[in-house]
Amino acid sequence: MYNRQYLESFMKSALVEARQAAQESEIPVGAIVVYKDHIIGRGHNQREALNDPTAHAEIIAITAAANTIGDWRLQNALLFVTKEPCPMCAGAIVNARVAHVVYGVEDEQAGCTGSLYQLCREPRFNHQAVVQGGILREECLGLLTEFFKIRRINGGAEAE
């Protein structure tokens, strides 16, 4: 459907968001929403800054995208995220009717677009999204690995 070069070009924008999160001492996950080849929403983790357990990159990007187009329905939109979405974010993806989810690195502990569960393709829901993982995987993984390495050195690690 989409060629790898197209997917990688947008994943690079999600990585910019993830790096911003790392600079803010947040777990480095970034997300963007693309509609008609334009970025309409951006987000990075902000749980610590906002004291909000729902302030994940995907939620922020989906909210921004909905505000940009003036509609909560993100049909025909693509969500790019550097780490596989958790259950909350997968639920938001389904509820927002995002058409296609592209992620970088899998999350074996909390991933709900294929690793633990596959909520975005659950046929009993009223919407299913196409899911594609592994885009710029090594770069996404490297950012997370480096962040947690530094966090451990500085006295503690926390999972997303």
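Residues numbered from 1 in each chain as written. Predicted model: local features only at pLDDT ≥ 70, side-chain atom pairs only at ≥ 80, totals over all residues. Heavy atoms only, no water.

1. With respect to the pattern of salt bridges
Side chains carrying opposite charge are able to pair once their charged atoms draw close together. Applying the stated criterion across every chain, the model contains 8 salt bridges. The shortest N-O distance in the salt bridge between Asp107 and Lys83 comes to 3.4 Å. Here Lys83 lies in strand 3 (residues 78-83) and Asp107 lies in the loop between strand 4 (100-105) and strand 5 (130-132), a separation of 24 residues in the sequence. Of the two residues, Asp107 and Lys83, both sit in the buried class. (Salt bridge = Lys/Arg side-chain N within 4 Å of Asp/Glu carboxyl O. Helix = DSSP H or I, 4+ residues; strand = E, 2+ residues; numbered from the N terminus. Buried < 20%, exposed > 50% of the residue type's maximum accessible area, 1.4 Å probe, protein only.)

2. What about the pairing of strand 1 (residues 30-35)?
With 5 of its 6 residues buried, strand 1 lies for the most part within the structure. Both strand 1 and strand 2 (residues 38-44) contribute to a ladder of 6 bridges, which runs antiparallel. Paired with Ile32 across the strands is Arg42, a residue of strand 2. A loop of 2 residues connects strand 1 with strand 2, the two strands running antiparallel in sequence, and Lys36 in this loop sits at a positive phi of about 50°. Both strand 1 and strand 3 contribute to a ladder of 4 bridges, which runs antiparallel. Bridge pairing in strand 3 links Ala31 to Val81. (Pairing = 2+ DSSP bridges.)

3. Regarding the packing of helix 3 (residues 57-69) against helix 4 (residues 87-96)
Here helix 3 crosses helix 4 at 20°, and the two axes come no closer than 9 Å. Of the possible angle classes, the one that applies to helix 3 and helix 4 is roughly parallel. When you trace helix 3 past helix 4, the crossing you get is left-handed. Between helix 3 and helix 4, the contacting residues are Glu58, Ile59 and Ile62 on the first element and Met88, Cys89, Ala92, Ile93 and Ala96 on the second. For the contact of helix 3 with helix 4, the class distribution of residues is 7 nonpolar, no polar and 1 charged. (Axes fitted to C-alpha atoms, helices over the stretch in contact; angles between N-to-C directions. Parallel < 35°, antiparallel > 145°, perpendicular 65-115°, else oblique. Left-handed = near helix turned anticlockwise from the far one by under 90°. Contact = heavy atoms within 4.5 Å. Nonpolar A, V, L, I, M, F, W, Y, C, P; charged D, E, K, R; others polar.)

This is a description of form; function is not addressed.
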